[in-house]
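# Breakdown of the fold
The primary structure of each chain is shown beneath.
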Amino acid sequence: MVKSISLLGSTGSIGTQTLDCARQYNIDVASLSANRDYKKLAEQIIEFEPELACICQSEYLEPLKALLPANCPTEIVTGQEGMIKCATVSKADICVTAVVGASGIRPTYAAILAGKRIGLANKETLVAAGSFIMEAARLHNTEIIPVDSEHSAIFQCLMGENTKDISKLVLTASGGPFRGFTKEQLNNVTLEQALKHPNWSMGSKITIDSASMMNKGFEVIEAGHLFGVSVDDIEVLVHPQSIVHSMVKFTDGSIKAQLGVPDMHIPIQLALTYPDRMPTVSDYPDLTKGPLTFEHPDLDTFRCLDLAFKCYREGGTSCAILNAANEIAVSAFLHKEITFVGIPQVIEAALEHIPSVELTNLDTVETADRQAREYSARYIKEHF
Ligand code: MN
């Protein structure tokens, strides 16, 4: 079990649940980092007394300081540099990356270089810069333990197994609030409907990504990098009950699955305590309650999932473009500037317009990311 954690994205959904685990297992919190929620961050600093805390948006630095006691021992930093400082704080043996979006890439990379175990909850890091990040982890002998429930499930199914015996990884998807919808029905859905996820309670960006199934597309790319398999060895099955979190098919005809209630405390706990398992407050799913069902996803209606498969196949910076265009499109949808089906439209336009180049370092990722953001923003202005 780890002794001390650095936590990036401490005020979000995964962040607060990670702190629940820290509290439960008496794990020291060495650093905390939040984007803008200075009020919640102040409460966390007072409770956990970390050595270091970062409020990324510097305009909240003074309001944050005003909420802390005068004798507060925590050093407060800001910006991406501050995040990197938090990610690499010497006392921590794990860095849990629970930030949303591409802003997690640099700090995750820095934590890898510093030899920290990574509790990976920021899937965009592997989506945008997967080959680069995995290579860095190999070179620095860094363990990356997935926190995403599907990848934690696969990680668990692969304990004690040989990679050569894998036939296929099967990622399950709840299908989100629009499961079974036709293209025509999808044309008219509202923001309020998209924000109502049937099984999981999550932040707003990932909830929209789940509704569009882009989240599953990202998870396909994430799984490919994490477990070193090609896109053709990954399947997606829609499983509306969200009890089977994912499966592995082996060459001998066996399938292993990991089951549990949809509660992120379980994969977070494992990332912190691996190779041990610790009790959680979660109960087991009641398997007598009803059938567990599986169906194929509708790639024609849920364009985002199809786009993700295509980008992963293409490689280079196309996944970074996919991710950045999606961030801009989802943000525009959350602000009611575009429709739900406008999301894949914006992404497709960006992928068509911006050439994918070889991914050689983080600068190429950041250039592609910036180009995709600028283009997508312009496209939205002109077309919606
Ligand atoms: Mn997931």
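Residues numbered from 1 in each chain as written. Predicted model: local features only at pLDDT ≥ 70, side-chain atom pairs only at ≥ 80, totals over all residues. Heavy atoms only, no water.

## Focus: the overall build of the chain
Per the secondary structure count, the chain includes 16 helices and 11 strands. Since a compact globule built from 384 residues should have a radius of gyration of about 21 Å, the 20 Å found for the chain is in line with a globular shape. C-alpha atoms of the chain, sized along the principal axes, occupy 60 × 50 × 40 Å. A total of 384 residues make up the chain; the buried ones form 56% of that total. Long-range contacts, defined as pairs at least 24 residues apart, comprise 69% of the intrachain contacts of the chain with a sequence gap of at least 6. Carbon and sulfur atoms provide 50% of the accessible area of the chain, an area that totals close to 16500 Å². (Helix = DSSP H or I, 4+ residues; strand = E, 2+ residues; numbered from the N terminus. Rg over C-alpha atoms; globule rule 2.2 N^0.38 Å. Buried < 20%, exposed > 50% of the residue type's maximum accessible area, 1.4 Å probe, protein only. Contact = heavy atoms within 4.5 Å. Areas by Shrake-Rupley, 256 points an atom, 1.4 Å probe, with all protein chains shown as cover.)

## Brief notes about the coordination of the manganese ion
Within the protein, the manganese ion binds to Asp148 (OD), Glu150 (OE) and Glu219 (OE); these donor distances fall in the range 2.1 to 2.2 Å. In terms of primary sequence, the donors binding the manganese ion are separated according to D-x1-E-x68-E. Of this pair, Asp148 sits in the loop between strand 7 (144–146) and helix 7 (149–157) while Glu219 sits in helix 11 (residues 214–227); the two residues are 71 residues apart in sequence, bridging distant segments of the chain. Of the two residues examined, Asp148 and Glu219, each falls in the buried class. (Donors = N, O, S within 2.8 Å, 3.2 Å for Na, K, Ca; no water.)

## Focus: the pattern of salt bridges
Under the defined criterion, the tally for this structure stands at 26 salt bridges. Where Asp165 meets Lys164, a salt bridge forms, and the shortest distance between an N and an O atom there is 3.1 Å. Residue class for Asp165 comes out partly exposed when judged on its relative accessible area of 23%. Using a relative accessible area of 65% as the deciding quantity, one classes Lys164 as exposed. The partner of Asp209 in a salt bridge is Lys205, and the shortest N-O contact between them spans 2.9 Å. Placement of both Asp209 and Lys205 in helix 10 (residues 204–212) is noted, with a separation of 4 residues, approximately one turn of the helix. For the pair shown, Asp209 and Lys205 are each scored as buried. Connected through salt bridges with shared partners, the residues Lys123, Asp148, Glu150, Lys216 and Glu219 form a single ionic network. (Salt bridge = Lys/Arg side-chain N within 4 Å of Asp/Glu carboxyl O.)

## Side note on empty space enclosed by the protein
Counting across every chain of the model gives 1 cavity of 30 Å³ or more. Space inside the largest cavity adds up to approximately 60 Å³. In terms of lining, the largest cavity is formed by Ser149, Ser152, Gln156, Trp200, His245, Gln258, Val261, Asp263, Ile266 and Pro267. At the level of secondary structure, the elements contributing two or more residues to the lining of the largest cavity comprise helix 7 and helix 12 (265–273). Among the elements that line the lining of the largest cavity, the one with the most residues is helix 7, at 3 residues. Residues of the lining of the largest cavity, tallied by class, amount to 4 nonpolar, 5 polar and 1 charged. (1 Å grid on protein atoms, 1.4 Å probe; cavity = no way out; pocket = protein on both sides within 12 Å on 5 of 7 lines; lining within 4 Å. Points joined across faces, edges and corners; volume = space filled by probe spheres on them. Nonpolar A, V, L, I, M, F, W, Y, C, P; charged D, E, K, R; others polar.)

## Digging into the environment of Thr190
Along the polypeptide, Thr190 turns up in the loop between helix 8 (183–187) and helix 9 (191–194). Considering only alpha carbons, one finds Thr190 and Thr142, 48 residues apart in sequence, at a separation of 43 Å. Those residues in contact with Thr190 that lie beyond four places of it in its chain are Phe178 and Phe333.

## Topic: helix 4 (residues 79–87)
Within the span of helix 4, buried status applies to Gly82, Met83, Cys86 and Ala87. On an axial view of helix 4, the arc spanned by its buried residues comes to 140°, and they lie on one face. Against strand 1 (4–8), strand 2 (28–34), strand 3 (52–55), strand 4 (75–78), strand 5 (94–97) and helix 5 (105–113) lie the buried residues of helix 4. (Arc of directions from axis to C-beta.)

## Section: the state of the cysteines
Simply put, disulfide is the name for a covalent bond between the sulfur atoms of two cysteines. For the coordinates displayed, the defined rule picks out 0 disulfides. Counting only cysteine sulfurs, Cys86 is the nearest neighbor of Cys72, a cysteine outside any disulfide, at a range of 13 Å. Lacking any disulfide linkage, Cys95 is separated from the closest cysteine sulfur, that of Cys86, by 8.9 Å. (Disulfide = S-S within 2.5 Å.)

## Here's the deal with the layout of surface pockets
It is the rolling of a water-molecule-sized probe over the atoms that shows where space remains empty. Roughly 580 Å³ of internal volume is contained in the second largest pocket. Lining the second largest pocket are 21 residues, with Met134, Ile144, Phe155, Leu226 and Phe227 positioned closest to its centre. Broken down by secondary-structure element, the contributors of at least two residues to the lining of the second largest pocket are helix 6 (123–139), strand 7 and helix 11. Taken together, the residues that form the lining of the second largest pocket break down as 12 nonpolar, 6 polar and 3 charged.

## Quick notes on the domain arrangement of the chain
For the chain, the assigned domains are domain 1 (4–146), domain 2 (148–262 + 281–306) and domain 3 (315–384). Taking only C-alpha atoms, the centre of domain 1 and the centre of domain 2 are 26 Å apart. Taken together, the contact between domain 1 and domain 2 spans 14 residues of the former and 17 residues of the latter. Summed over the three residues of domain 1 that lose the most area to domain 2, namely Lys123, Val127 and Pro146, the buried surface amounts to 48% of that side. Inspection of the region where domain 1 meets domain 2 yields 3 salt bridges. Here Asp148 and Lys123 are joined by a salt bridge, their closest N and O atoms 3.0 Å apart. Seen at the junction of domain 1 and domain 2, the total is 4 residue pairs in polar contact (both at pLDDT 80 or more). Contributing elements (two or more residues each) for the side of domain 1 that touches domain 2: helix 1 (13–24), helix 6 and strand 7. Per-class residue counts for the side of domain 1 that touches domain 2 are 8 nonpolar, 4 polar and 2 charged. (Domains from an automatic or database assignment. Buried area = accessible area lost by both parts, 1.4 Å probe. Polar contact = N/O pair within 3.5 Å; in protein donor to acceptor, adjacent residues only side chain to side chain.)

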